[in-house]
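Overview (structure and organization)
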Amino acid sequence: MLRSSKNKFESYPEFCSDCGAILILPDIGVTVTCNVCKNTISLEDDIIGKEVTYSIEFVPLGIHTSGKRGVDKGEAGQMDNDRECSKCGNRGMSYTTMQLRSADEGQTVFYLCPKCKHREVENS
C-alpha cells in the first residue's frame with residue numbers, strides 16, 4: 001500500500017516518505033524517526049496494520065533474460081564479413097560488443113562463427 005498526502009512522494013510503509021530511506025523500527029515507542037532526514041512517522045497511523053506484499057519470479061535455468069551478459073551459442077548479433085574464423089576458416093563472423101573495463105579503455109568484442117560456433121574475444 002502506497003502512502004501519500006502531505007508527504008513529498010509516494011512510498012511503502014517501510015520507507016521514509018520524505019527522503020526514501022529504509023526505516024528502522026524501534027524496539028519501544030509509537031514513532032519511527034528516519035535516520036537520514038529526521039522525519040517522524042507514527043507507527044499507529046502509517047505502519048501498524050498495513051500489509052506489504054511482493055512476489056519473486058525465478059527464471060528457469062537455461063532461459064536467458066534481456067539483461068544477459070556475453071554471447072549465447074546461437075546469438076546472431078552484427079556481421080563482420082571480413083573477419084575469418086581462426087578454427088574453420090569461414091569468412092564472416094557475427095559479433096556483439098560490451099564495455100567490460102573502465103570507461104577510458106576500449107570495448108570488448110565477442111565474435112561467433114555461424115558455421116562451427118567457435119568463439120573469439122578481442123579487447124580493443
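Notes on the structure in this doc start here. (Residues numbered from 1 in each chain as written. Predicted model: local features only at pLDDT ≥ 70, side-chain atom pairs only at ≥ 80, totals over all residues. Heavy atoms only, no water.)

Considering the packing of aromatic side chains
The geometry of an aromatic ring pair is captured by the separation of the ring centres together with the interplanar angle, meaning the angle of the planes. One pass over the structure, following the stated rule, counts one aromatic pair. Ring geometry for tyrosine 95 versus tyrosine 111: centroids 5.9 Å apart, planes at 45°, classification tilted. Of this pair, tyrosine 95 sits in strand β4 (residues 91–98) while tyrosine 111 sits in strand β5 (residues 108–112), placing them 16 residues apart in sequence. A cation over a ring is seen here: arginine 83 above tyrosine 111, with NZ or CZ 3.8 Å from the ring centre. (Phe/Tyr/Trp six-rings, centres within 6.5 Å; stacked < 30°, edge-to-face > 60°. Helix = DSSP H or I, 4+ residues; strand = E, 2+ residues; numbered from the N terminus. Lys NZ or Arg CZ within 6 Å of the ring centre and 35° of its normal.)

Observations concerning the sheet that holds strand β6 (residues 119–123)
Across the sheet, four strands lie side by side as β3-β4-β5-β6; this open sheet has antiparallel pairing. In this open sheet, the two strands that pair with only one neighbour each are β3 (78–84) and β6. Averaged over all neighbouring strand pairs, the angle between strand axes comes to 35°, with direction disregarded. With four bridges joining them, β3 and β4 adopt antiparallel strand pairing. Within β4, the residue paired with glutamine 78 across the bridge is tyrosine 95. (Pairing = 2+ DSSP bridges. Axes fitted to C-alpha atoms, helices over the stretch in contact; angles between N-to-C directions.)

Shape is all these values report; function is a separate question.
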